[in-house]
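Take a look at the letters that make up each chain.
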Amino acid sequence: MLLTNFRLEELNRHYYSIKTTQAVWPQLLPDPKQLYANFYEMMHKVSYNIVCACCGILGHNIDEFIMVSTEDQSLTTLAVGPDVVPFSFSCGVAAIDQRYIMIDPLAVRDQDTITVCNKCYSCFSGGTLPAEALANFRWIGPVPAELQDLTWAEEALIARSHVFGRIFRLEQRRNGEPTYSSLKGHIVLVPQNTIRLLDILPVSPDSLTDIAHVVWVGKMKPDISKLAPQFTVRKNKVITALRWLCQHHEDYWNVTIDIAELSKWPSVFVTEALLSSVGRVQSGAVEDAMRDGFATEEIDVDEFSGDIPNTTSAIIDVNNVSQPQHLMTLEQLQSLHGNLTINVVPGSDILQHYKDSAYFTSAFPTLFPWGTGKHIDNRRQRSLKLGRWIELLLKNSSRYVVTFFEKIIDDIGVSSLTAIL
Amino acid sequence: MIVSFDVIRREQAMTKVTIRTKQRAWKRTQRLLESLTAEDLGRAAKQEQKYFKITDPAILELLKLIGQIRGATSGSDERKSYMLTELKSSFIYHGCPVIYLTINPGDRHSPLALLYAGAKIDVNNFIPEEYSVIDRVRMLLRNPLSVVEYFHHMIQAIIEGVLKQGMFGELAHYYGTIEYQGRFTPHIHMAVFHFSYHSKLIYL
């Protein structure tokens, strides 16, 4: 009874609100100039590059950061014993360096002020070390000269594990022609043991064929000598990089350098095994046409004139929505059932490879030159979730994680892009 | 980046599986699943093909479990169908959307994206001629995250500064999904609902 009364009241209110809305309809819309002003103001607020001293992220919204004096007493929370960190972490500000406080040097504005994001500041001003702080065993360290300018092949040779494969699409490109980086074809994935960490390095250059594949698009046969710069290995570079890693990288302490393997290498060579297994596609035109949209012309190009070309569109059922909902699942399950035995072991959790703390640091030695800043570290006061750890790395002021795209795309004359499997 | 996405997905799925198997009802489910054979699955697949209802209780249980696990994983079909249901519900609750928007910010032509990618730009005094197309694209390719951040801030500004301030009347609700072009740049499709006198009528 009580409930009905409540409901009745609510419905009445609704009815009257609808009635009033109806009476004043159509309502006047706000001044569009004001809307534009709002938009303009908001976009201007985010047009900054600000680094947080504590967690090292690169932010853009000026409201999310505050200035902190370098003399601030609460900064002491971020102090780290210099004997725990393998490299020097001074930032050039005396007031901070004397107290062994670890901050991101890019966040220093001048000798008196640094920028800190609100979240970190509210945490460490209360006396607790933020989980995200660089000082919370998240330091990564500078990349030494020995590890800089390595080609992707050299990097792959010295990595202890390979967690992704690469596909290179190479093609002869004429000027002004739009090109697409996509590729279509059949791929056979052979299960690999990505958990295994290699203890004897470098790996043989022949094994690069397991982790990379080259596809050539074009009618002409590829000119191997032109492709060579992408696939060159410099023996000296590999040796110095490996030696450096063995001395300084946490995960490389047990690694043996394979002198016998190295002695077989000439001083500079092209990974022949990779180039001799090049897959070929005669023409990419059909595939490119699929991706051509309504306006493929670059509007900045002066020669462009006339109508924008139209293409016909059609509906393609990419997600199998026309099929019954569970059909695909059932068919997949059916194909599994015949040759697969599933053992259920009750009790303990299954060990996953991402629970290995060296999983990322040993796969990307050039990104984590000292092996520090792992996603799992028992010494951390407050642990970090994997997703958060990755987010922080991506937003890091030096943009560590994304730099490996550079080398591949920088090449002039030949277009290529990696697809990471 | 992709590696980490993979790892996170696997983590999501595994956690779900572990939780399921720890539940009390699992014993019964286990017996059901063990009784399944390939023929059962084949029969169910045939039923599904003809849009009949699946009758086998073991199969239904199995599908339910798979759905629950996949629903938690980002990007899966299950997740997409879940989103579709969410959108349908908003249609029922708020009435017909006032506009269906597609926003595709021109990252290649934006000084802001260049700024995020690390170019030294004076935002108030920008000279476009200093950056050629090739330079811009190359710079953005080197720093894909800057494109995503630019997209995020742009959409945020449009939603907060324009839509919520009542461009089409008082905003009731919006629902959008992000998709990626062939060159992996994001765009958003969004249905915008606003309060009108006939909305919520169905609800009443």
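Small disclaimer: the values here were computed from a predicted structure and weren't measured.

Draft legend 1. A look at the overall build of chain A. Along its length, chain A carries 14 helices and 13 strands. For chain A, with 421 residues in total, the buried portion stands at 25%.

Draft legend 2. Fine view of the overall build of chain B. In terms of regular secondary structure, chain B is built from eight helices and three strands. Along its sequence from the N terminus, chain B presents helices and strands in the succession α-α-α-α-α-β-α-α-α-β-β. By residue count, 18% of the 204 residues in chain B fall in the buried class. Of the contacts formed within chain B by residues at least 6 apart in sequence, a portion of 61% connects residues at least 24 apart.

Draft legend 3. Region of interest: the pairing of strand 4 (residues 113-117) of chain A. Residues and elements named next belong to chain A. Across the five residues that make up strand 4, a large majority, four, are buried. Relative to strand 4, strand 3 (residues 65-69) runs antiparallel, the two being bridged by five bridges. From the neighbouring strand, Phe65 faces strand 4, where its bridge partner is Cys117.

Draft legend 4. Spatial organisation of the nonpolar core. Residue and element names in this part refer to chain A. With 32 residues, the main nonpolar core has Cys52, Cys54, Leu78, Ile103, Val116 and Cys120 as its most contacted residues. Elements with a contribution of two residues or more to this core: strand 3, strand 4 and helix 4 (118-124). Per-element tally for this core: the top contributor is helix 4, with four residues. Ignoring sequence-local partners within four residues, the contact set of Leu78 consists of Cys54, Ile101, Met102, Ile103, Phe124, Leu129, Ala133 and Ala135. Ile158, Trp216, Val233 and Tyr252 belong to the second largest nonpolar core, which has 25 residues in total.

Draft legend 5. Focus on the sheet that holds strand 1 (residues 99-103) of chain B. Residues and elements named next belong to chain B. On the basis of which strands lie adjacent, the open sheet formed by three strands has the order 1-3-2 and antiparallel pairing. The sheet terminates laterally at strand 1 and strand 2 (171-180), the two strands that pair on one side only. Within the sheet, the average angular offset between the axes of one strand and its neighbour, ignoring direction, is 20°. Relative to strand 3 (residues 186-194), strand 1 runs antiparallel, the two being bridged by five bridges. Considered in strand 3, the bridge of Tyr100 is made with Ala191. Here helix 5 (residues 77-94) sits on the sheet in contact with strand 2 and strand 3, set at roughly 155° to strand 2.

Draft legend 6. Expanded view of helix 8 (residues 144-163) of chain B. The end-to-end C-alpha distance of helix 8 of chain B is 27 Å, a good match for the 28 Å that 20 residues give at a rise of 1.5 Å each. Along helix 8 of chain B, the residues classified as buried are Ser146, Val147, Glu149, Tyr150, Phe151, His153, Met154, Ile158, Gly161 and Val162 of chain B. Among the structural elements, helix 2 (32-45) of chain A together with strand 1, helix 6 (111-116), helix 7 (133-142) and strand 3 of chain B are those in contact with the buried residues of helix 8 of chain B.

Draft legend 7. Broad picture of the packing of helix 2 of chain A against helix 8 of chain B. Relative orientation of the contacting elements helix 2 of chain A and helix 8 of chain B amounts to 145°, with a least axis distance of 8 Å. With respect to the hand of their crossing, helix 2 of chain A and helix 8 of chain B are arranged in right-handed fashion. From helix 2 of chain A, Leu35, Asn38, Phe39, Met42 and Met43 of chain A reach across to helix 8 of chain B, where they touch Ala157, Ile158, Glu160, Gly161 and Val162 of chain B. Partitioning the contact of helix 2 of chain A with helix 8 of chain B into residue classes produces seven nonpolar, two polar and one charged.

Draft legend 8. Examining the confidence of the model for chain B more closely. Residue and element names in this part refer to chain B. Chain-level statistics for chain B give a pLDDT mean of 76 and a share of 74% at 70 or above. Every residue in residues 199-204 scores below 50 in pLDDT, and together they form seven contacts with partners more than four places removed in sequence or on other chains. The ipTM for the predicted assembly is 0.73, set against a pTM of 0.73.

Draft legend 9. Expanded view of the environment of Ser397 of chain A. Residue and element names in this part refer to chain A. On the secondary structure map, Ser397 appears in the loop between helix 13 (386-395) and helix 14 (404-409). Sequence spacing of Ser397 and Ala53 is 344 residues, and the spatial spacing of their C-alpha atoms is 9.7 Å. In this structure Ser397 touches Val51, Gly56, Ile57, Leu58, Asp104 and Leu106, once residues within four positions along its chain are discounted.

Draft legend 10. Spotlight on unusual backbone geometry. Residues and elements named next belong to chain A. Of note, the phi angle at Phe137 is positive, near 55°, even though the residue is not glycine. If you trace the backbone, Phe137 turns up in the loop between helix 4 and helix 5 (152-158). Accessibility expressed as a C-beta count within 10 Å gives 19 for Phe137, which makes it partly exposed. A positive phi is found at Asp149, a non-glycine position, where the angle reads about 55°. Here Asp149 is to be found in the loop between helix 4 and helix 5.

Draft legend 11. Representation of the environment of Ala45 of chain B in the model. Here Ala45 of chain B shows up in helix 3 (residues 38-49). We classify Ala45 of chain B as buried; it has 21 C-beta atoms within 10 Å. Excluding residues within four positions of it along the chain, Ala45 of chain B makes contact with Leu327, Leu330, Glu331 and Gln334 of chain A.

Draft legend 12. Region of the structure containing the environment of Lys385 of chain A. Residues and elements named next belong to chain A. Among the structural elements, Lys385 can be located in the loop between helix 12 (327-337) and helix 13. Residue classification places Lys385 among the exposed positions, given that 12 C-beta atoms sit within 10 Å. For Lys385 and Ala131, which are 254 residues apart along the polypeptide, the C-alpha to C-alpha distance reads 9.7 Å.

Basis of the calculations
Residues numbered from 1 in each chain as written. Chains lettered and ligands numbered in written order. Predicted model: local features only at pLDDT ≥ 70, side-chain atom pairs only at ≥ 80, totals over all residues. Helix = DSSP H or I, 4+ residues; strand = E, 2+ residues; numbered from the N terminus. Buried ≥ 20, exposed ≤ 12 C-beta atoms within 10 Å, placed from the backbone. Contact = placed C-beta atoms within 7 Å. Pairing = 2+ DSSP bridges. Core = buried A, V, L, I, M, F, W, Y, C linked by C-beta atoms within 7 Å. Axes fitted to C-alpha atoms, helices over the stretch in contact; angles between N-to-C directions. Expected span 1.5 Å × (residues − 1). Left-handed = near helix turned anticlockwise from the far one by under 90°. Nonpolar A, V, L, I, M, F, W, Y, C, P; charged D, E, K, R; others polar. pLDDT = per-residue confidence, 0-100.

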